[in-house]
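# Structural description and commentary
The residues making up each chain are set out below.
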Amino acid sequence: MSSIFTKILNKEIPSEIVYEDEEIFVIKDINPKAKIHLLIIPKKEIPTINDLQKEDKELLANMFFVAKKLAKDLNVEEWYQLHFNVWAKWWQEVMHIHLHFTSDL
Ligand code: 5GP
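Here's a quick rundown of the structure. Note that this is a predicted model, so its numbers are computed, not measured.

Calculation criteria
- Residues numbered from 1 in each chain as written.
- Predicted model: local features only at pLDDT ≥ 70, side-chain atom pairs only at ≥ 80, totals over all residues.
- Heavy atoms only, no water.
- Near = heavy atom within 4 Å.
- Polar contact = N/O pair within 3.5 Å; in protein donor to acceptor, adjacent residues only side chain to side chain.
- Areas by Shrake-Rupley, 256 points an atom, 1.4 Å probe, with all protein chains shown as cover.
- Helix = DSSP H or I, 4+ residues; strand = E, 2+ residues; numbered from the N terminus.
- Nonpolar A, V, L, I, M, F, W, Y, C, P; charged D, E, K, R; others polar.
- Core = buried A, V, L, I, M, F, W, Y, C linked by side-chain atoms within 4.5 Å.
- Buried < 20%, exposed > 50% of the residue type's maximum accessible area, 1.4 Å probe, protein only.
- Contact = heavy atoms within 4.5 Å.

What follows concerns the site of the ligand. Near the ligand you find 16 residues, and of these K28, D29, N85, H98 and H100 are the closest. Here K33 contributes a side-chain N or O atom positioned 3.3 Å from an oxygen atom of the ligand. Interatomic distance of 2.7 Å between a side-chain N/O atom of H100 and an oxygen atom of the ligand. Summarising the interface, the protein chains cover 87% of the accessible area of the ligand, which totals 520 Å² for the free molecule. Looking at the shell around the ligand, the elements that each hand over two or more residues are α1 (4-9) and β2 (24-28). Counting residues per element, the shell around the ligand draws most heavily on α1, at three residues. In terms of residue class, the shell around the ligand is built from seven nonpolar, five polar and four charged.

If you want it as structure tokens, here you go:
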């Protein structure tokens, strides 16, 4: 079954896609915890960080390069935060890794 993020990517669920390339897309978090709260998501469905494979190295690096570009484009290079949650042993809402990008600038 597709994750909710893949459904967004496939336009089965509405959400504004603010950035997209061949392997990554970015949406606004539906429940923002900061002035800017974006989710940087690989198109490949990887359930959690614990499931990363060596072949995902470049993809993961590219997610950080997208974050860097967003920070520049949004003019928040001075202060922003990036984080992954891993809830592997508990109930997890979205089993599809996503890098949280937040800024209150
Ligand atoms: P997690 O705790 O898994 O790292 O965070 C999941 C994030 O996805 C949460 O911040 C939540 O608000 C966001 N989210 C969950 N469902 C949707 C959705 O349908 N659309 C958008 N844009 N964000 C979602």
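Below, the discussion takes up the nonpolar core. Grouped together as the largest cluster of nonpolar side chains are 17 residues, with contacts concentrated most on V26, I40, V66, L70 and F101. Counting residues per element, the ones that place at least two in this core are β2, β3 (36-42), α2 (57-73) and β5 (99-103). It is α2 that contributes the most residues to this core, six residues altogether. Those residues in contact with I40, other than ones at most four positions away along the chain, are I24, F25, V26, M63, V66, A67, L70, H98, L99 and F101. Counting eight residues, the second largest nonpolar core, distinct from the first, contains F25, I27, L39 and I41.

So yeah, pure geometry; function would need other evidence.
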